[in-house]
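# Per-entry structural report
Chain by chain, the residues:
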Amino acid sequence: MIFKLEERILKWMAENVVYIAFGAAVLISFFIRYALKDVYTSDADSCLLPWYYAIKENGGIRGLAVPVEGLNYNFPYQFLIAIMTYIPVNPLYGYKILSCIFDYLMAGAVAYLVYDMAVNKKKELALLAFIAVSCSPVVFMDSAAWAQCDSIYVFWIILAIIFLRKEKYLPTFIFYGIAFAFKFQAIFIMPFFLFYYFYKRRFSIIYFFLIPVMMIVLSLPALVQGRTVSEMIHIYTDNTSLHQSLANGYPTFWRVLADGTDYTGADAYGTLKHAAMAFVVIVLGCLVYMWIRNAIELTNRNIILMAFIMTYTTIFFLPAMHERYGYCYEILAIMIAFMVAKTIPLAVALTCISLTTYGGYLFNNTVNEWTMAVINLIVYISYMIILNKELIKENAEA
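What comes next concerns the included structure. (Residues numbered from 1 in each chain as written. Predicted model: local features only at pLDDT ≥ 70, side-chain atom pairs only at ≥ 80, totals over all residues. Heavy atoms only, no water.)

### Description of the overall build of the chain
Counted only if it meets this: Elements are defined by DSSP. Helices are runs of H or I of four residues or more, strands are runs of E of two residues or more, and each kind is numbered from the N terminus. Note on method: radius of gyration uses C-alpha positions; expected globular size equals 2.2 Å times residues raised to 0.38. Between buried and exposed lies partly exposed: a residue is buried under 20% and exposed over 50% of the maximum accessible area for its type, with that area taken using a 1.4 Å probe on protein chains only. Per-residue and other accessible areas were derived by the Shrake-Rupley procedure at a 1.4 Å probe size, with only the shown protein chains allowed to occlude residues.
In terms of helices and strands, the chain carries 18 helices and two strands. Relative to its length of 398 residues, the chain is compact, with a C-alpha radius of gyration of 22 Å against a globular reference of 21 Å. Each principal axis of the C-alpha distribution contributes one length, and for the chain these read about 70 × 55 × 45 Å. When the 398 residues of the chain are sorted by exposure, 52% land in the buried category. Carbon and sulfur atoms provide 67% of the accessible area of the chain, an area that totals close to 18,300 Å².

Spelled out as structure tokens, the structure:
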């Protein structure tokens, strides 16, 4: 015997199981982030908190007029730090809350794209995409544990892709410029935007100048106080020469050649860096040639696939990459898993690779960089085969 009210409740739960699961998953994702709030890293100790206290001591927003030693994030992020100095909250929590807010904004943007591309069960797939991103260990470890801001710039990149698919190029490059203003790592998806410009021929190259324009606009709180555009540029250019190593935590292709035992570090970097950079151009050029040769259309679906392929390729073959530099293509991989189901194991593999490299930094785990590079190479090749077949197949069916 069951009570009528109980039966109605159970029936309602059965009819709305997707939404109930979504709500539960979101609550669990909140709890996970809360549980990680007190994780204290060497980055927080030597960078984030000293930057916060220096800006606060210099007068908050007015303190942006004074350069802070070692602060290698650009003026827009410094402005957000300055705003945090006025909020009565533990500064470590402040950094993490800021990044976590963008975790959910980014998850929402990904969910919108999945909804827009899905043919059937659009709402369910969108909700699952939101859960997949917000509950991804890569996402919550980056923001809630490490207090890093990768979700901020990737959120703006996802918005740029949304408007690129709609062929609304002004907001596309405004949003991409915002991403660039927050983190130089936004440059890794630049090859795709250049390819789109060359292949599609729908907008002027002048749109690319919106990138520095947005950087300047978002840097105005510092610029009006005497900081210079030259400083803004040097923050990024100085970062490119900060680490003289083939790899800095990221399992790059070049770790297969130099495994971190003998001939590594500055010597290997000095020997291979220019060859590695040239090789990136060759690989990207081969991809572009293959796509043009096969007359691959830049459909809404293909834009996502191509953006992922070119971003992954750029990062995988460049030297001196950090463990978090794959964040953008890892988010795109989650999105692609909803488009091409056979890539789900590969998306999981990418997450595991990143978590392994994160563990080397956060918890001093021993990481065999050569092994990780070989695994990453296998995953990369698998993606290239599957996704390029998808591109060619869709073009043949069109």
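### Focus on the packing of aromatic side chains
What counts, and what does not: Centres within 6.5 Å are what make two rings of Phe, Tyr or Trp a pair, Trp counting through its six-membered ring; a difference in plane orientation under 30 degrees is then read as stacked, over 60 as edge-to-face, and the rest as tilted. We call a charge positioned over a ring when the NZ of a Lys or the CZ of an Arg lies within 6 Å of the ring centre and within 35 degrees of the ring normal.
Applying the stated criterion across every chain, the model contains 51 aromatic pairs. Ring centres 4.9 Å apart and planes at 65° place the aromatic pair Phe-155 and Trp-156 in the edge-to-face group. For Phe-155, a relative accessible area of 10% puts it in the buried group. Between Phe-184 and Tyr-236, the ring centres sit 4.9 Å apart and the planes meet at 25°, which makes this aromatic pair stacked. One end of the pair, Phe-184, is in the loop between helix 9 (169–182) and helix 10 (190–200); the other, Tyr-236, is in helix 13 (residues 229–240), with 52 residues separating them in the sequence. Tyr-236 sits in the buried class, given a relative accessible area of 5%. Stacked on the ring of Tyr-115, the Lys or Arg Lys-122 has its end atom at 4.9 Å from the ring centre. Its end group placed over the ring of Trp-146, Arg-324 keeps NZ or CZ at 5.0 Å from the ring centre.

### Some thoughts on the packing of helix 9 against helix 11 (residues 210–218)
Heads up, the condition is: Between the N-to-C directions of two axes lies an angle of 0 to 180 degrees, each axis being a line fitted to C-alpha atoms and, for a helix, fitted only over the stretch in contact. Here the angle decides the label: under 35 degrees means roughly parallel, over 145 means roughly antiparallel, 65 to 115 means roughly perpendicular, and every other value means oblique. Crossings are assigned a handedness: left-handed for a near helix turned anticlockwise from the far helix by less than a right angle, right-handed for a clockwise turn. Every residue pair with non-hydrogen atoms within 4.5 Å of one another is taken to be in contact.
It is the contact of helix 9 with helix 11, at a shortest axis distance of 8 Å, that shows an interaxial angle of 55°. Taken together, the axes of helix 9 and helix 11 lie oblique to each other. The crossing of helix 9 and helix 11 is right-handed. Facing Leu-170, Phe-173, Ile-174, Tyr-176, Gly-177, Ile-178, Phe-180, Ala-181 and Phe-182 of helix 9, the residues of helix 11 in contact are Leu-210, Ile-211, Met-214, Met-215 and Leu-218.

### Examining the nonpolar core
Rules: Among buried residues, those of type Ala, Val, Leu, Ile, Met, Phe, Trp, Tyr and Cys that are joined through side-chain atoms within 4.5 Å constitute a nonpolar core.
One finds Phe-192, Phe-308 and Tyr-383 to be the most contacted residues of the largest nonpolar core, which totals 136 residues. Sequence-distant contacts of Phe-308, defined by excluding residues within four places in its chain, comprise Tyr-329, Leu-332, Ala-333, Ile-336, Leu-350, Tyr-383 and Leu-387. Counting six residues, the second largest nonpolar core, distinct from the first, contains Leu-246, Trp-254, Leu-272 and Ala-276.

### A few points about the packing of helix 3 (residues 42–57) against helix 4 (residues 75–84)
Inclusion rule: In this classification, the charged set is Asp, Glu, Lys and Arg, the nonpolar set is Ala, Val, Leu, Ile, Met, Phe, Trp, Tyr, Cys and Pro, and all remaining amino acids, among them Gly, are polar.
In contact at an axis separation of 9 Å, helix 3 and helix 4 are set at 70° when each is read in the N-to-C sense. Overall, the two elements helix 3 and helix 4 adopt an arrangement that is roughly perpendicular. The way helix 3 lies across helix 4 gives a crossing that is right-handed. Residue-level inspection shows Trp-51, Tyr-52 and Ile-55 of helix 3 in contact with helix 4, the latter providing Gln-78, Ile-81, Ala-82 and Met-84. Taken together, the residues of the contact of helix 3 with helix 4 sort by class into six nonpolar, one polar and no charged.

### Overview of the pattern of salt bridges
Put simply, the rule reads: The working definition used for a salt bridge is a side-chain nitrogen of Lys or Arg within 4 Å of a carboxyl oxygen of Asp or Glu.
Scanning the entire structure with this criterion turns up 10 salt bridges. For Glu-167, the salt bridge is made with Arg-202, and the minimal N-O distance between the two is 2.9 Å. With Glu-167 in the loop between helix 8 (150–165) and helix 9 and Arg-202 in the loop between helix 10 and helix 11, this residue pair connects regions lying 35 residues apart in the sequence. We note a salt bridge from Glu-390 to Arg-301, for which the minimum N-O separation is 2.7 Å. A residue pair is termed long-range when its members are at least 10 positions apart, and Glu-390 in helix 18 (residues 369–397) and Arg-301 in helix 15 (residues 300–317) qualify at 89 residues. When salt bridges with common partners are traced through the structure, they connect Asp-150, Lys-183 and Arg-324 into a single cluster.

### Focus: unusual backbone geometry
Even without glycine at this site, Ala-147 takes up a positive phi of about 65°. Inspection of the secondary structure assignment puts Ala-147 in the loop between helix 7 (137–145) and helix 8. With a relative accessible area of 1%, Ala-147 lands in the buried category. With a phi close to 50°, Ala-295 is a non-glycine residue in the positive phi region. Looking at the element boundaries, Ala-295 is found in the loop between helix 14 (265–293) and helix 15. Classification of Ala-295 as partly exposed rests on a relative accessible area of 37%.

Interpretation in functional terms is not warranted from these geometric data alone.
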